[in-house]
Each structure stands twice: as structure tokens, then as C-alpha cells.
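Take a look at the letters that make up each chain.
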Amino acid sequence: MQERQPRAQDQTAVIGELILIADDEPDVLEVSRYTLQLEGYRVHVARDGLEAVERARHTPFDLFLTDLKMPRLGGLDAFRRIREFEPAIVGVAMTGYGTMTTAIEALKLGFSEFVIKPFTPKELSAAVSRALEKERLRRENVRLKALIPLFELSRAFMSTTDVQRLLDKVAQTGLRETHADRAACLLIEPGTDRFRLAARAGKSLDPSLSPVWDRLGRQVARTRQPLVVDPNRSPASFLLAGEALETGVIIALPLIVQDRMIGVLLLGKPSGAPPFSQSDTDLLSVLAGQAAVAIENATLFRKIQDAYRELEKTDHLKSEFINVAAHELRTPLALILGYAGLLEESVEGEAREYLQAILQSGTRLRTIVDDMVNLRSLELKQVRLTRQPISLEEVIAAAVDAFQPLAASKRIRLYCDVPAELAQIEADPQKLELILGNLLSNAIKFTPPGGEVAVIVRSSAERECDDVVVRVRDTGPGIPLPAREQIFARFYQVEESLTRAHNGIGLGLAIVRGMVELHGGRVWVESEVEQGSTFAFTIPRSPAGG
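The sections below set out a description of the structure shown in this document. In this text the structure is predicted, and so the values were computed from the model without any measurement.

1. Comments concerning the overall build of the protein chain
Turning to step 1, where the next piece is worked out: Helices and strands together make up the secondary structure of the protein chain, namely 13 helices and 19 strands.
Turning to step 2, where the next piece is worked out: Residues classed as buried in the protein chain amount to 43% of the 546 residues present.
Turning to step 3, where the next piece is worked out: Long-range pairs, those at least 24 residues apart, make up 66% of the contacts in the protein chain with a sequence separation of at least 6.

2. Description of the sheet that holds strand 18 (residues 523–527)
Hydrogen bonds along the backbone pair up the strands of a sheet, which may run parallel or antiparallel.
Turning to step 1, where the next piece is worked out: Strand order in this open sheet of five strands is 14-16-17-19-18, and the pairing throughout is mixed. For this open sheet the edge positions go to strand 14 (413–417) and strand 18, each flanked by a neighbour on one side alone. Looking at each pair of strands side by side, their axes are set apart by 15° on average, direction ignored.
Turning to step 2, where the next piece is worked out: Alignment of strand 16 (residues 452–459) against strand 17 (residues 467–474), held across seven bridges, turns out to be antiparallel. Bridging from a neighbouring strand, V453 pairs with D474 of strand 17.

3. As for the packing of helix 11 (residues 429–446) against helix 13 (residues 508–518)
Turning to step 1, where the next piece is worked out: In contact at an axis separation of 9 Å, helix 11 and helix 13 are set at 150° when each is read in the N-to-C sense. Between helix 11 and helix 13 lies a crossing of left-handed hand. Between helix 11 and helix 13, the contacting residues are K431, L434, I435, N438, L439 and N442 on the first element and G508, L509, I511, V512, M515 and V516 on the second.
Turning to step 2, where the next piece is worked out: In terms of residue class, the contact of helix 11 with helix 13 is built from eight nonpolar, three polar and one charged.

4. Section: the nonpolar core
Turning to step 1, where the next piece is worked out: Counting residues in hydrophobic clusters, the biggest one holds 42 residues, and the most contacted among them are L432 and F537.
Turning to step 2, where the next piece is worked out: When sequence neighbours within four positions are dropped, the list of residues in contact with L432 reads I390, L392, V395, I425 and F537.
Turning to step 3, where the next piece is worked out: Counting residues in each nonpolar core, the second largest holds 30 residues, with A180, V257, L287 and A298 among its members.

5. Structural notes on the environment of V472
Turning to step 1, where the next piece is worked out: Relative to the elements of secondary structure, V472 occurs in strand 17.
Turning to step 2, where the next piece is worked out: Residue V472 is classed as buried on the basis of its relative accessible area, which comes to 2%.
Turning to step 3, where the next piece is worked out: Between the C-alpha atom of V472 and that of L439, which follows or precedes it by 33 residues, the distance is 6.8 Å.
Turning to step 4, where the next piece is worked out: Residues within four places of V472 in sequence aside, it is in contact with L439, L440, A443, V453, A454, V455, S533, T534 and F535.

6. Structural notes on the sheet that holds strand 11 (residues 249–257)
Turning to step 1, where the next piece is worked out: The sheet built from five strands is open, its strands ordered 7-6-12-11-8 with antiparallel pairing. Unpaired on one side and paired on the other, strand 7 (195–202) and strand 8 (227–229) mark the two borders of the sheet. Pairs of neighbouring strands in the sheet enclose a mean axial angle of 15°, with direction left out of account.
Turning to step 2, where the next piece is worked out: Where strand 11 meets strand 12 (residues 260–269), nine bridges bridge the pair, whose relative direction is antiparallel. Residue pairing for strand 12: A252 is matched across the bridge by L266.
Turning to step 3, where the next piece is worked out: In this fold helix 6 (residues 163–178) packs onto strand 6 (182–188), strand 7 and strand 12, with an angle of close to 50° to the strand it touches most, strand 7.

7. Topic: the side chain of T538
Turning to step 1, where the next piece is worked out: Looking at the element boundaries, T538 is found in strand 19 (residues 533–540).
Turning to step 2, where the next piece is worked out: When residues no more than four places from it in sequence are discounted, the contact partners of T538 are D467, V468, V469, V516, G521, R522 and W524.

8. Things to note about helix 3 (residues 75–85)
Turning to step 1, where the next piece is worked out: Along helix 3, the residues that are buried comprise G75, L76, A78, F79 and I82. For helix 3, the arc enclosing every buried residue in end-on projection is 160°, short of the 170-degree limit, so these residues lie on one face.

9. So, the packing of helix 2 (residues 49–58) against helix 3
Turning to step 1, where the next piece is worked out: It is the contact of helix 2 with helix 3, at a shortest axis distance of 9 Å, that shows an interaxial angle of 15°. By the angle between their axes, helix 2 is roughly parallel relative to helix 3. The two elements helix 2 and helix 3 cross, and the hand of that crossing is right-handed. Residues G49, L50, A52, V53, A56 and R57 of helix 2 form the contact with helix 3, whose participating residues are A78, R81, I82 and F85.
Turning to step 2, where the next piece is worked out: Across the contact of helix 2 with helix 3, the residue classes tally to seven nonpolar, one polar and two charged.

Conventions adopted
Residues numbered from 1 in each chain as written. Predicted model: local features only at pLDDT ≥ 70, side-chain atom pairs only at ≥ 80, totals over all residues. Heavy atoms only, no water. Helix = DSSP H or I, 4+ residues; strand = E, 2+ residues; numbered from the N terminus. Buried < 20%, exposed > 50% of the residue type's maximum accessible area, 1.4 Å probe, protein only. Contact = heavy atoms within 4.5 Å. Pairing = 2+ DSSP bridges. Axes fitted to C-alpha atoms, helices over the stretch in contact; angles between N-to-C directions. Left-handed = near helix turned anticlockwise from the far one by under 90°. Nonpolar A, V, L, I, M, F, W, Y, C, P; charged D, E, K, R; others polar. Core = buried A, V, L, I, M, F, W, Y, C linked by side-chain atoms within 4.5 Å. Arc of directions from axis to C-beta. Parallel < 35°, antiparallel > 145°, perpendicular 65-115°, else oblique.

Printed below as a string of C-alpha cells:
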């Protein structure tokens, strides 16, 4: 609870408050000293008021226990003088002259307790204990009152994402809360041990002091502890280039986030100004901790914004490529497929086989172009649904029939299970065929020979929900957990792009998601490695459902 650090000769003393006793009666002085030492206090004694003042100038006492009536200088005057340079010291009066006038004057001066002579050791200990406890409570109250607005400021820090604005606010807050006349935030340049002045507030920095502040910053960076330079307590100059520079009162605090040093907060007062108190140091420590986190968050937010803008540019280029490529490919592709189809009817033998290979490759290319166009249309929200009553059973059966030859070529069993009561829904049949086609194509592609692919329809298990759930289940290799979260992203494929054994550019599932969401449904995947995968989606049975 001390406002000043003990002198070097006091640092080896036992732990306990430091008390100064002043009394001109040797017996009272000795009994008081012995009683308080038994309670664990560190005790110094003085035989009159003048000696007490001189001792207090060299040692930061927590409590002054004094007789009010002493030769040369009485207890009231001694306490008054001590309070001039040690304003936080606690006073307890000992007196055999308990007049009302003396008591009132002592209270006005700041004495916390009285002990009437003659007193017992127990009464003396109780009075000292009460006085110290009052002071603890007072300081704690002051500290809490100071921290409340600081926490409010911390909330403001966390809501600020502009790094420079945040740094300026940190410097201004430190200035205001400690009554300093200048403040600065020094940040460490990434990848170096150099500091840069990132923000300042208050009185402009004297150019001759810039090296001093930089040196202070480096020392704090090494120790990661607050550093105070105070001419009232210790030599206040640093030797730089062989010359001593007066620094005034300075406090420097580290800005640390996740055990990483990012900078230093410095505040200064002119020489002769009141020192930074312990409550100032506590408050600034909280400020520095909150500020470091806020600065780091703001810096990361800026980096994320920059990365997002770059991603948007890349995304825009991709979309433009899709649009241009699809437009430029459609016309020549239509001509190739058209002429190849005509020629197929008029040739035989080996030439016919060549044309069939051309048609097969052209059809696959047309599917890719169609996927690109569909995805582009979904992104631009140009796709419109044409809802109508349809037989879900018929749409699924038609899709399964269309893929039976491909499944048979791999000896894959392909079937569907659609309960009659779920057969009728309202949906866009073409979009639904596109959804099923992409899911069936994927399932057959990744299912090894001799496997199984099934399309299963059930009611949604969710209450008050009139959706149907369509599942396309395969017995393929399954999908690793990390990939399941990205499987519906554009151009994403589970396999490495350079080593994958299956065709496709990774647009099918993105189109599935877009078309399902356009219907008001949702899509997901259930999978275990080596256990196969199930792609499921919901479709409202009517526009009002779901």
C-alpha cells in the first residue's frame, strides 16, 4: 500500500507496514516500538517532531504514530510537514490531553485514530490496525473509481478497428488519467528491434529527449516490466554520448499481447512535478494490457480487410473468366457437336469410333460450360424458379434411369426408394434434375466397381416442418473431416488437383447448394473415411413449407 518504493537499506527488512513513532517519553516510545514489532510491523523511532520529519524525508513510512505534545516540534506540526512530501502517510495520535480543540485540529489535518494515554498494548495495536485498514479501504475505493472509467475506455478500445485512431486514443487516455503533460506510443517494427513513434499526445517531445525515450523503450522491452524515472527519488539522467540529459518524471510500460512484445507506452512530467503514484502505475498497467490487445486486434482486422479485398479482386477475376470462357466456348462447341453428330450417321468402322470419342469429349466439355454458366447465374441472382406440382418419384426415377448405363459400366448397383406419400411436391423440375444429376454423377464417379449408390427420400425429422429429405448415398472412399466444411465451395476438390484420378473442375456441388437454397432448402454431407458418403438436401413440399 506504499506510494513510494523503500530505500535500499529497507529492502532486506521483514514484510510489514513501515511505521514511524515519535514521542519524547522513552518508556512510551520503547513500549510502543516493542508492541508493534510483535505484530509484524517494521518500526523506526524518533524522540521529537524534528527528528521524525528528518527520518521521513529519507524513508517512505506508511504510518506516523506520534505524541501531540513534544518539545521543539509537536506532533501536529510534524505530521503537517511530513504530509507536504508524503501526502499518503497515515496518522495516529497519542495524547494525554484529550481536549476537543486538539482532537478537531488533528482530524482536520488527517489523523485517522487517537490513543489516550495511558493505553494498553492491545489498545495501541487495535488503533494502528484500524488506521491502516481505513487507508487500505480508502485507496482501494479510489483505485476502483479510477478503474471503472478505464474499463469503459477499454470497451471503446475494443470497438475501434482503425489502428492509428486507437493509438491516439491510448496516448490521450494515459495523458488524461495521470495528469502527465506528454505521452507517446512506440511500436516495434515487425522483424526488427527498432521502435517507431506511432502516436503522441500533449506537449511536443523535446527532440533532445527522443533518444532517452527510445532507450527507455529498449530497456522496458528487455525487462518487460514498468520502468519509472523520477528525479524526486533517484538520479534522473541518462548518459548519452557522454552527456547527461535531464529527463523529468517518466513512466514506461510494456505493451504485451500473448507473451509477445509489440511496443511501449510512455508518459512524462516535467522535473519538479508530482511523481506517478502507485495507483497511476496500476491504472496504466491495466490500460497498457487492454491497449495491447486492442492494437493487436485492430492490426489483425486491417490485415483481414486487406486480404479480403485481394480475395474479392481474385474472385471478380474468376467470375469474369467464367463468363468470358462460357460465352466464347458455347458457339464453337455447338458447331463441333453438331457436325460430329451429322458425320456419325455417314461413316463406319474406325472413323465412327473416332467421332464417338469426339462426341463424348465434346459432351463432357458442354457439361463443364453449362456448370460455369449455371454458377455465374446463381452468383448474379439471375436464376428464377418455375415451381409446379411434380411427382418427385418420377423425377428421381428418370434421373436414376439416365445414369444406369454409367453405373452398369462400373458394375455399381443404382436404385431409389421414394415412399408414395412423399411423391408429390411443388418444385422446379429442371433445377431438381440438375441437383440430382450432379449428386448422382459424383456418387458414381467416386464409388469403386461393385459398389452401391442409392437415392432415398424421407420426411424431415424436424417438428412443424413439411420438408422432404433426399439422400444420395454411396459406398465410396468417404470424405475427411476438414474437407467436409469446404466441399460445397466453388472449385474445391478433396483430391490434390495435380494427382486426382477423377474428372471435373469442382463446380457441381456449388451448383447443388445454390439450387437447393433457391428452393428454400439446405444441403449437407454425412461421411466417414472408408465408410462412404451421403449427400442430403431438403426441399419444401410447397412454397409455404420450409
